[in-house]
Number of protein chains: 4
Amino acid sequence: MASKLVAIIAGVGAGTGASVARKFAASYPVVLLARNPDNYESLVKEINGNGGRAIGVSADVSDQNSLKNAFSQVEKEFGSGVGCTAAIFNASGKFTRKPFLEVTEDEFISNYNVSGKGGFLFAQASLPLLLRSLDHNPSHPPTLIFTGATASMKGSAMFSVFATGKFALRALSQSLAREFGPKGVHVSHAIIDGVIDIPRTKEWMKDAGPDAKISADAIADAYWHLHTQPRSCFTNEIDIRPWVEKW
Amino acid sequence: MASKLVAIIAGVGAGTGASVARKFAASYPVVLLARNPDNYESLVKEINGNGGRAIGVSADVSDQNSLKNAFSQVEKEFGSGVGCTAAIFNASGKFTRKPFLEVTEDEFISNYNVSGKGGFLFAQASLPLLLRSLDHNPSHPPTLIFTGATASMKGSAMFSVFATGKFALRALSQSLAREFGPKGVHVSHAIIDGVIDIPRTKEWMKDAGPDAKISADAIADAYWHLHTQPRSCFTNEIDIRPWVEKW
Amino acid sequence: MASKLVAIIAGVGAGTGASVARKFAASYPVVLLARNPDNYESLVKEINGNGGRAIGVSADVSDQNSLKNAFSQVEKEFGSGVGCTAAIFNASGKFTRKPFLEVTEDEFISNYNVSGKGGFLFAQASLPLLLRSLDHNPSHPPTLIFTGATASMKGSAMFSVFATGKFALRALSQSLAREFGPKGVHVSHAIIDGVIDIPRTKEWMKDAGPDAKISADAIADAYWHLHTQPRSCFTNEIDIRPWVEKW
Amino acid sequence: MASKLVAIIAGVGAGTGASVARKFAASYPVVLLARNPDNYESLVKEINGNGGRAIGVSADVSDQNSLKNAFSQVEKEFGSGVGCTAAIFNASGKFTRKPFLEVTEDEFISNYNVSGKGGFLFAQASLPLLLRSLDHNPSHPPTLIFTGATASMKGSAMFSVFATGKFALRALSQSLAREFGPKGVHVSHAIIDGVIDIPRTKEWMKDAGPDAKISADAIADAYWHLHTQPRSCFTNEIDIRPWVEKW
């Protein structure tokens, strides 16, 4: 059976992407994109087992053909008229912190390929489906959300690789918000300023006290709130940080 | 009967303040502050008639004694141990747009007295009650929200009066967020970038198409979302604008 | 003898103000404003002794009448048609760093009275003379410069008093730049992000290594550069910090 | 004869690059980089004819090997111990303004290759020479300047290509300023907010009145001022715009 509206989440792993997927799966079929199927398989099973509907598609956001194939699969699965009600770009290049003169060209480019080019390609693939969702009288304006970081706002010493990609992603988000807002698409950028509490960060900040890492579920709640905003009240940028964060 | 937790909204009129009051009144007794009782009386009646609880107190946020009296009334009404779960500063100086050399000192100061000094005095009065709310195991971290404007970010030509006050309020919000976040109080600043759809603006922007003015109820939903964020995920600044706004 | 063009510096002490005065005195008669004549008397003598021309006027920038008297004295001294080629607002409220709940209303207001109201009053007094300087075919566009600080951009914890004033001053500067730029007046804001190397800070940062404090003469050079920019190339904001500053 | 210190300007054409080259050539031998020798040949001749010293090297800033060859030629010409006293990155990707869904991947990447990757490669090539200049007791701290644009600060509608590159360049500049400032290198970013008055823009803005386009020579003066700042007083960002510019 074809569903008229789906949410598509790029960059699903054990953290924010998974929380966002669960949150949006309560209301929409969800499409989970990750390069490695290991990153979404158990989550797809979990959502489908809980009465939701999810599919996982292996895709590399930095590769136009790979993304095109992924979106073709979405249409094959949900019908060629399917609309996207929410597209979440949660992919991120490898975090790199090193003296500038030791950064290789490959490191620099490979990060940009995800945060810069990847954001561009994902937006180009998803915007036609976001616009198309307007034909289906959606409950909420179609929403395109980009996940940023502290490095979206500040180029710290030894963070040039990460910050150039995240600055670029923020520029993209602003530009799209201004072009597609008046067409009815809500584009928003979230500055995640702190460590997210995920399996990979379990051993970090052990002495920082309770709730010093950001709850991925709470990020998902914030993204859901952005999605539910009516078009008379779009938030185009939020910051998110734990109560004890220095900023 | 004494209630343990109340929400206090300063600057209640026919617009954002009223919407915020209704939203928070669904969960808490609310205290409505305005200089002129005309601004809150019918709303107090409405909330109390709908099964909520509201009191109105006449107060001038730019006058320390007036504010102290208002907060004394809150304690008299709700008990001296009452905590504040949400304090919303929605007061704003008179909007002034005129050539700089025609601005009088009185105009300049009277605006600042609301946005700058008023924000300061309201924060000093409400923070002890916000901190005290933590003793009552609140469902959500106590929240202090300041309502900003386009002029919080940009000093446009002929807007010096309004922008100096709004910039000062944003500085205050940032400083308090950094000092009181680690104490458990969520301080947030909302940049309202557009015309709010209220009775006073009914005749404005008639040719701008649907939803070109911001829904005050949607602002209230955004403030409520801020209030419900757990302390591991505080948003300290959001922007809000209609889909068609130029920015 | 009447001079056609003068530079006026508000907030002259032993630091930036004195360096700026010396720099501009090489090209223009200078008017030095400070509340306490002790702050300018030796400098006036020094400049006049070195072949320049300087007068000192006791003035409180937060008091409209005091400023009016000061500007009357300028006209009395230099002729009623005198133009101002550069007006530098270097006054600053008392630096206050303390827990927010311990700040008194007087502290809050007295800082604002210098940075907010003082900036407003000084701009209103000097802009007519800045505009008038255009009648004298000046070598450089008339220039109005406001001295800001780290706290112009960031409201740090316990800095609400200082930051609200400095944010307000930045808003003022932006608004005036946009209104008076097209009239030929160059308005600029300098973010001084670091400790200035003046007698008062002599004992500070002794272990920070060489040049860790900002040279006041170098600030003066930067202000002079701003002054010399042609109207096709106005810089409206610069930041300034020592090489080793964290930011 | 080997010269100990040179200035290197990437992105030399008929506009800012040429003005910067002339300005710095008054004090240093200059190296002019451009892909097309047509862009520097007459300028090289002009500078050498006026008693200065200039060489032009054909180089593509987005190609690591091309840049390496160019810097090898610099060492061959000026000696292997040559230091760079000022490196100016003035290259810019092709200006692109079009609906987002019509942007090709090639357009997106080719712009980034100049502004993002090009900035990275130029910085990696020039920083070792900038650091080395410190061995030669330079009159001024070695200076690395990146030329930005309005799009460095704001992602306007239909400007995603240009803005992503320019945001990335700004991130790079900030990160390098923080890492290399404490090593004695002055890194600065200039936001050129307006149309530059160069042959290519001759027919633009004809009705905008005098001086509505930015003088390239005045930009060069600003860059020279940045270069002359002592390390106790580094400006890391300036904006530049004509007096009549809306911003």
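Thresholds, definitions, all that
- Residues numbered from 1 in each chain as written.
- Chains lettered and ligands numbered in written order.
- Predicted model: local features only at pLDDT ≥ 70, side-chain atom pairs only at ≥ 80, totals over all residues.
- Heavy atoms only, no water.
- Helix = DSSP H or I, 4+ residues; strand = E, 2+ residues; numbered from the N terminus.
- Buried < 20%, exposed > 50% of the residue type's maximum accessible area, 1.4 Å probe, protein only.
- Contact = heavy atoms within 4.5 Å.
- Lys, Arg positive; Asp, Glu negative; His and termini not counted.
- Charge placed at Lys NZ, Arg CZ, Asp CG, Glu CD.
- Phe/Tyr/Trp six-rings, centres within 6.5 Å; stacked < 30°, edge-to-face > 60°.
- Lys NZ or Arg CZ within 6 Å of the ring centre and 35° of its normal.
- Salt bridge = Lys/Arg side-chain N within 4 Å of Asp/Glu carboxyl O.
- Polar contact = N/O pair within 3.5 Å; in protein donor to acceptor, adjacent residues only side chain to side chain.
- Nonpolar A, V, L, I, M, F, W, Y, C, P; charged D, E, K, R; others polar.
- Least-squares fit on C-alpha atoms with pLDDT ≥ 70 in both.
- Pairing = 2+ DSSP bridges.
- Right-handed = clockwise from strand over helix to strand, strands pointing away.
- Axes fitted to C-alpha atoms, helices over the stretch in contact; angles between N-to-C directions.
- Parallel < 35°, antiparallel > 145°, perpendicular 65-115°, else oblique.
- Left-handed = near helix turned anticlockwise from the far one by under 90°.
- Core = buried A, V, L, I, M, F, W, Y, C linked by side-chain atoms within 4.5 Å.
- Disulfide = S-S within 2.5 Å.
- Expected span 1.5 Å × (residues − 1).

Colleague: I'm lost on the overall build of chain A in this one. Help?
Modeller: Summing up its helical and strand segments, chain A has 6 helices and 7 strands in all. Taken from the N to the C terminus, the helices and strands of chain A come in the order β-α-β-α-β-α-β-α-β-α-β-α-β. For chain A, the spread of C-alpha atoms along the principal axes amounts to about 50 × 40 × 35 Å. Across the 247 residues of chain A, 62% fall into the buried class. Here the contacts in chain A between residues at least 6 apart in sequence split such that 70% fall between residues at least 24 apart. The averaged location of the 23 negative side-chain charges in chain A is 3 Å from the averaged location of its 25 positive side-chain charges.

Colleague: I tried to follow the packing of aromatic side chains on my own but got confused; where do I start?
Modeller: Aromatic ring pairs are defined here through the distance separating the ring centres and the angle between the ring planes. Applying the stated criterion across every chain, the model contains 42 aromatic pairs over all chains. Ring centres of Phe108(A) and Phe120(D) lie 4.1 Å apart, and the angle between their planes is 10 degrees; this geometry places the pair in the stacked category. Of this pair, Phe108(A) sits in helix α4 (residues 105-133) while Phe120(D) is found in helix α4 (residues 105-133), placing the two residues in two different chains. There is no split in this pair, since Phe108(A) and Phe120(D) are both buried. Ring plane angle 70 degrees and centroid distance 5.0 Å describe the contact between Phe95(D) and Phe162(D), whose orientation is recorded as edge-to-face. Taken together, the residues Phe95(D) in the loop between β4 (83-89) and α4 and Phe162(D) in helix α5 (residues 160-180) connect sequence positions 67 residues apart. For Phe95(D), a relative accessible area of 48% puts it in the partly exposed group. Note that Arg178(A) overlies the ring of Trp247(B), its terminal NZ or CZ placed 3.7 Å from the centroid.

Colleague: Looking at this model, I keep getting lost on the interface of chain A and chain D. Mind explaining?
Modeller: Interfaces are frequently sized by the accessible area removed from exposure as the parts join. Taken together, the contact between chain A and chain D spans 40 residues of the former and 40 residues of the latter. At the boundary of chain A with chain D, the tally comes to 2 salt bridges. Between chain A and chain D we count 20 residue pairs in polar contact (both at pLDDT 80 or more) in total. Every element with two or more residues in the side of chain A that touches chain D is listed here: α4 and α5 (160-180) of chain A.

Colleague: Quick question: what am I supposed to make of the interface of chain B and chain C here?
Modeller: Between chain B and chain C, the contact holds 40 residues from the first and 40 residues from the second. One can count 2 salt bridges joining chain B with chain C. In this structure, Lys117(C) engages Glu105(B) in a salt bridge whose closest nitrogen and oxygen atoms are separated by 3.4 Å. Remark: the boundary between chain B and chain C carries 20 residue pairs in polar contact (both at pLDDT 80 or more). Put simply, the parts of the chain that give the side of chain B that touches chain C at least two residues each are α4 (105-133) and α5 (160-180) of chain B. A per-element tally of the side of chain B that touches chain C places α5(B) first, with 14 residues. When grouped by side-chain class, the residues that make up the side of chain B that touches chain C number 24 nonpolar, 10 polar and 6 charged.

Colleague: What should I look at first to understand the relation of the copies chain B and chain C in this one?
Modeller: Copy one and copy two of the chain differ by a rotation about an axis and a translation along that axis. Note on the identical chains: chain B maps onto chain C by a rotation of 180 degrees and an axial translation of 0.0 Å, with an RMSD of 0.0 Å. Both chain copies can therefore be described as sitting about a two-fold axis. A symmetric contact is evident, with 100% of the interface residues of chain B recurring at the interface of chain C.

Colleague: What's the story with the pairing of strand β2 (residues 30-34) of chain D in this structure? I'm lost.
Modeller: For a regular strand, side-chain orientation follows a simple rule: the groups alternate between the two sheet faces. All names here are of chain D. When you tally the buried positions in β2, you get 5 out of 5 residues, the bulk of the element. Of the two faces of β2, the one carrying Val30, Leu32 and Ala34 and the one carrying Val31 and Leu33 are both buried. The pairing of strand β1 (residues 5-10) with β2 spans 4 bridges and is parallel. Bridging from a neighbouring strand, Ala7 pairs with Val30 of β2. Read as a crossover between parallel neighbours, the route from β1 over helix α1 (residues 16-25) to β2 is right-handed. As judged from the 5 bridges shared by β2 and strand β3 (residues 54-58), these two strands associate in the parallel manner. Bridging across to β3, Val30 finds its partner in Ala54. Remark: the β2/helix α2 (residues 41-49)/β3 crossover connection has right-handed handedness.

Colleague: How do you make sense of the packing of α1(D) against helix α6 (residues 216-228) of chain D when you look at a structure like this?
Modeller: For any two helices packed against each other, one specifies the inter-axial angle together with the distance between the axes. All names here are of chain D. Packing of α1 against α6 leaves a shortest axis separation of 8 Å and a crossing angle of 50 degrees. Relative to α6, the element α1 lies oblique. With respect to the hand of their crossing, α1 and α6 are arranged in right-handed fashion. Residues Thr16, Ser19, Val20, Lys23 and Phe24 of α1 form the contact with α6, whose participating residues are Ala216, Asp217, Ile219, Ala220, Asp221, Tyr223, Trp224 and His227.

Colleague: Please explain the relation of the copies chain A and chain D as it appears in this structure.
Modeller: Of the transformation superimposing chain A on chain D, the axial component is 0.0 Å and the angular component is 180 degrees, with the fit at an RMSD of 0.0 Å. A share of 100% of interface residues in chain A that are also interface residues in chain D marks the association as one of identical surfaces.

Colleague: Looking at this model, I keep getting lost on the nonpolar core. Mind explaining?
Modeller: Nonpolar side chains in soluble globular proteins tend to end up buried together. If you look at the biggest cluster of nonpolar residues, it comprises 88 residues, and the most contacted ones within it are Leu33(A) and Leu33(D). Dropping the residues within four chain positions of it, Leu33(A) is found in contact with Ile8(A), Ile9(A), Ala10(A), Gly11(A), Val12(A), Tyr40(A), Val57(A), Ala59(A), Leu67(A), Ala70(A), Phe71(A) and Phe122(A). Membership of the second largest hydrophobic core comes to 87 residues, among which are Val103(B), Phe71(C), Cys84(C) and Phe146(C).

Colleague: I would appreciate a short explanation of the environment of Cys84(C) in the present structure.
Modeller: Residue and element names in this part refer to chain C. Mapped onto the fold, Cys84 is located in strand β4 (residues 83-89). Accessibility expressed as a relative area gives 0% for Cys84, which makes it buried. For Cys84 and Pro128, which are 44 residues apart along the polypeptide, the C-alpha to C-alpha distance reads 8.4 Å. Setting aside chain neighbours within four positions, we find Cys84 in contact with Val6, Ile8, Leu129, Leu130, Ser133 and Pro142.

Colleague: Can you walk me through the pattern of salt bridges in this structure?
Modeller: When the charged atoms of two side chains lie near each other, side chains of opposite charge can form a pair. Going through the model one piece at a time under the given rule, you end up with 44 salt bridges over all chains. Among the salt bridges present, the one from Arg241(B) reaches Asp239(B), with a minimum N-O distance of 3.3 Å. Of the two residues, Arg241(B) and Asp239(B), both sit in the buried class. In this structure, Lys23(C) engages Asp221(C) in a salt bridge whose closest nitrogen and oxygen atoms are separated by 3.0 Å. Separated by 198 residues along the polypeptide, Lys23(C) in helix α1 (residues 16-25) and Asp221(C) in helix α6 (residues 216-228) bring together distant segments of the chain. Judged by its relative accessible area of 33%, Asp221(C) is partly exposed. A cluster of three or more residues bridged by salt bridges with shared partners is formed by Asp193(A), Asp239(A) and Arg241(A).

Colleague: Explanation requested: the packing of α1(D) against α2(D) in the structure shown.
Modeller: Residue and element names in this part refer to chain D. Where α1 meets α2, the closest approach of the two axes is 11 Å, and the angle between their N-to-C directions is 20 degrees. Overall, the two elements α1 and α2 adopt an arrangement that is roughly parallel. For α1 against α2, the interelement crossing comes out right-handed. Contacts between α1 and α2 involve Ala18, Ala21, Arg22 and Ala25 on the former and, on the latter, Leu43, Glu46 and Ile47. Grouping the amino acids of the contact of α1 with α2 by side-chain chemistry returns 5 nonpolar, no polar and 2 charged.

Colleague: Just checking my understanding: could you explain the state of the cysteines for this structure?
Modeller: Linking two cysteines covalently via their sulfur atoms produces the bond known as a disulfide. By the definition in use, this model includes 0 disulfides over all chains. In this model Cys233(B) remains outside any disulfide bridge; the closest cysteine sulfur is found in Cys233(A), 18 Å from its own. For Cys233(B), a relative accessible area of 0% puts it in the buried group.

Colleague: Whenever I open this one, α5(B) confuses me. Can you help?
Modeller: Note that an α-helix has 3.6 residues per turn; residues three or four places apart therefore point the same way. For α5(B), with 21 residues, the first-to-last C-alpha span of 30 Å sits near the 30 Å given by 1.5 Å per residue. Burial analysis of α5(B) places 21 of its 21 residues in the buried class, which makes it a mostly covered element.

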